Amino acid sequence: AAPADGFAAFWPTFAAAKDDAKALASMIALGPNLGNDGSSFAKFHAAALGPAARRCLAKAKPVRDVDPQGTVSYSAFCGETIYGFSKAGGGWKLTDLGVND
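What you are looking at is a predicted structure, and each value in this text was computed from that prediction instead of being measured. (Residues numbered from 1 in each chain as written. Predicted model: local features only at pLDDT ≥ 70, side-chain atom pairs only at ≥ 80, totals over all residues. Heavy atoms only, no water.)

Enquirer: Could you clarify how one ought to interpret the environment of Lys18 in this entry?
Expert: Inspection of the secondary structure puts Lys18 in the loop between helix H1 (7-16) and helix H2 (21-25). In this structure the C-alpha to C-alpha distance between Lys18 and Leu57, which are 39 residues apart in sequence, comes to 9.2 Å. Apart from the residues within four sequence positions on either side, Lys18 is in contact with Leu24, His45 and Arg54. (Helix = DSSP H or I, 4+ residues; strand = E, 2+ residues; numbered from the N terminus. Contact = heavy atoms within 4.5 Å.)

Enquirer: Sorry, what's going on with the packing of aromatic side chains here?
Expert: Describing an aromatic ring pair means giving the distance of the ring centres and the angle of the ring planes. Counted according to the given criterion, the structure contains eleven aromatic pairs. An angle of 5 degrees between the planes, with centres 3.8 Å apart, marks the rings of Phe7 and Tyr74 as stacked. Pair noted here: Phe7 is in helix H1 and Tyr74 is in strand S2 (residues 72-78), with a separation of 67 residues, a long-range link. Judged by relative accessible area, which is 7%, Tyr74 ranks as buried. Here the aromatic rings of Trp11 and Phe85 are separated by 5.3 Å at their centres, their planes lie at 85 degrees, and the arrangement is edge-to-face. Remark: Phe85 occurs in strand S3 (residues 81-88) and Trp11 occurs in helix H1; sequence separation between them is 74 residues. Note on accessibility: Trp11 and Phe85 belong to one class, buried. The rings of Phe7, Phe10, Trp11, Phe14, Tyr74, Phe85 and Trp92 are connected pair by pair, giving a single aromatic cluster. Above the ring of Phe14, the side-chain terminus of Arg54 is found at 4.8 Å from the ring centroid. (Phe/Tyr/Trp six-rings, centres within 6.5 Å; stacked < 30°, edge-to-face > 60°. Buried < 20%, exposed > 50% of the residue type's maximum accessible area, 1.4 Å probe, protein only. Lys NZ or Arg CZ within 6 Å of the ring centre and 35° of its normal.)

Enquirer: Got a minute to help me understand the nonpolar core in this structure?
Expert: It is characteristic of soluble globular proteins that their nonpolar side chains tend to be buried jointly. If you look at the biggest cluster of nonpolar residues, it comprises 24 residues, and the most contacted ones within it are Trp11, Phe14, Ile28, Leu57, Tyr83 and Phe85. Those elements that provide at least two residues to this core are H1, helix H3 (41-48), helix H4 (51-59), S2, S3 and strand S4 (91-99). Ranked by residue count, the leading element in this core is H1, at five residues. Ignoring sequence-local partners within four residues, the contact set of Phe85 consists of Phe7, Phe10, Trp11, Phe14, Ser73, Tyr74, Ala76, Trp92, Lys93, Leu94 and Thr95. (Core = buried A, V, L, I, M, F, W, Y, C linked by side-chain atoms within 4.5 Å.)

Printed below as a string of structure tokens:
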């Protein structure tokens, strides 16, 4: 059974958003963890959520993690990039990008 943390409902919506910039903007918390100053969703979208990344994310199987403080997060792996999701602003959002090592 899926954990009752709400991510199972969020993920299909995020994965299906493809190039719906308005929908994606509401599911992303722009800021330093995303390598962005928060001022330009269009710039972030072009750099991190281009067509190849969106196709990969649509097929990805996010992995659940719980840190020692009990905070739940999920990671989706696409090539050399890890997309990190956590709760922000009352719901699940893409909050972090990292290098898949």
